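# Survey of secondary and tertiary structure
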Amino acid sequence: MASTFSLPALPYGHDALEPHISAQIMTLHHTKHHQTYVNNLNAALASQATASSKNDIVTQIHLQVAINFNAGGHINHTLFWENLTPASSPSSQSSTAPKLVAALSSRYGSLEKFQEEFQAVLLGLKGSGWGWLVQDTKSGILDIVTSKDQDIVPAGKKPLLGIDMWEHAYYLQYLNDKGSYAKNIWKVVNWAKVEERFTGSFEGVFGPLAGLRGNL
């Protein structure tokens, strides 16, 4: 029997990130876009289970593209919601991430210089994709990487902070001014969560989705 996944509830209201991310965007992004990834993932996994029971290897191979895309969409969005928080929350203050800020300052010169470099990477993305702050699981080195469409972060990298740069994440509010979106999203970053990921285990970042992540 195929595993099934469900849309996670947000840890805040759809209007909680205003004025930096509108309630309209959050509602559509969460209940429509993310829900679609979950629905399509469950459908693809059910079809894969049927194909597997029939030893239909060709169909299983064809389904892998849909599984990877929609599983990536589910994982990436789940991490994204978790690393955001209302601007009024204490967790939005970088002081709640002292170990991470020290590491970023050592790596990039200061938190502000890291943010500038991260924003430049976000704005350099071509088409749809994500920007990530990651930590190498062997060396512990911090780095900024991107992923195309709904690809997850590369193997051997622990995601600490992910920013969605698909147009549906900002366009209804910012139109073509994605620079303002990339700048304003820092006001709703959940630094406490990013610190938790930085000091915690690789598996802990993904929580109940660790098994799904391991199969991609």
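Details of the structure are given in the entry above.
Right, let's get into the nonpolar core. Formed by 58 residues in total, the largest nonpolar core has its most connected members in Ile21, Leu100, Leu104, Phe114, Leu133, Tyr181 and Trp191. The element that contributes the greatest number of residues to this core is helix α2 (residues 57-82), accounting for seven residues. Among residues more than four places away in sequence, those in contact with Tyr181 are Ile21, Phe80, Ile163, Asp164, Met165, Ala169, Tyr170 and Tyr174.

This brings us to the packing of helix α3 (residues 98-108) against helix α4 (residues 111-123). Two numbers describe how α3 lies on α4: the axes approach to 8 Å, and their chain directions differ by 70°. Regarding the angle of α3 to α4, the classification is roughly perpendicular. Only Leu111, Lys113, Phe114 and Glu117 of α4 make contact with α3, whose side of the interface consists of Val101, Leu104, Ser105 and Tyr108. Of the residues belonging to the contact of α3 with α4, the class tally is five nonpolar, one polar and two charged.

A few words now on the environment of Val101. Counting through the fold element by element, Val101 comes out in helix α3. The spatial distance from the C-alpha of Val101 to the C-alpha of Trp191 is 9.4 Å, given a sequence separation of 90 residues. Each residue touching Val101, except ones within four places of it in the same chain, is listed here: Ser94 and Leu111.

Ordered in space as β2-β1-β3, the three strands form an open sheet in which the pairing is antiparallel. What marks the edges here is a single partner per strand, and that holds for β2 (142-148) and β3 (157-164). Looking at each pair of strands side by side, their axes are set apart by 30° on average, direction ignored. Along the sheet face, helix α7 (residues 191-199) touches β1 (129-136), β2 and β3 and points at about 160° away from the line of β3.

As a further point, take unusual backbone geometry. The amide bond that connects Glu18 to the next residue, Pro19, takes the cis arrangement and shows omega of 0°. With respect to the element layout, Pro19 can be found in the segment before α1 (23-53). Phi is positive for Asn55, close to 55°, though the residue is something other than glycine. Its place among the elements puts Asn55 in the loop between α1 and α2. Phi at Leu175 is positive, roughly 55°, even though this residue is not glycine. By the secondary structure assignment, Leu175 is in the loop between α5 (171-174) and α6 (178-184). Its relative accessible area of 47% is what places Leu175 among the partly exposed residues.

What follows covers the pattern of salt bridges. For the structure on display, the rule yields four salt bridges. The residue Glu82 makes a salt bridge to Arg197 at a minimum N-O spacing of 3.3 Å. With Glu82 in helix α2 and Arg197 in helix α7, this residue pair connects regions lying 115 residues apart in the sequence. A relative accessible area of 3% means that Arg197 is categorised as buried. Linking Glu196 and Lys193 is a salt bridge whose minimum nitrogen-to-oxygen distance equals 3.0 Å. Taken together, the residues span about one helical turn, with Glu196 and Lys193 both in helix α7 at a distance of three residues.

So, how was this worked out
- Residues numbered from 1 in each chain as written.
- Predicted model: local features only at pLDDT ≥ 70, side-chain atom pairs only at ≥ 80, totals over all residues.
- Heavy atoms only, no water.
- Core = buried A, V, L, I, M, F, W, Y, C linked by side-chain atoms within 4.5 Å.
- Buried < 20%, exposed > 50% of the residue type's maximum accessible area, 1.4 Å probe, protein only.
- Helix = DSSP H or I, 4+ residues; strand = E, 2+ residues; numbered from the N terminus.
- Contact = heavy atoms within 4.5 Å.
- Axes fitted to C-alpha atoms, helices over the stretch in contact; angles between N-to-C directions.
- Parallel < 35°, antiparallel > 145°, perpendicular 65-115°, else oblique.
- Nonpolar A, V, L, I, M, F, W, Y, C, P; charged D, E, K, R; others polar.
- Pairing = 2+ DSSP bridges.
- Salt bridge = Lys/Arg side-chain N within 4 Å of Asp/Glu carboxyl O.

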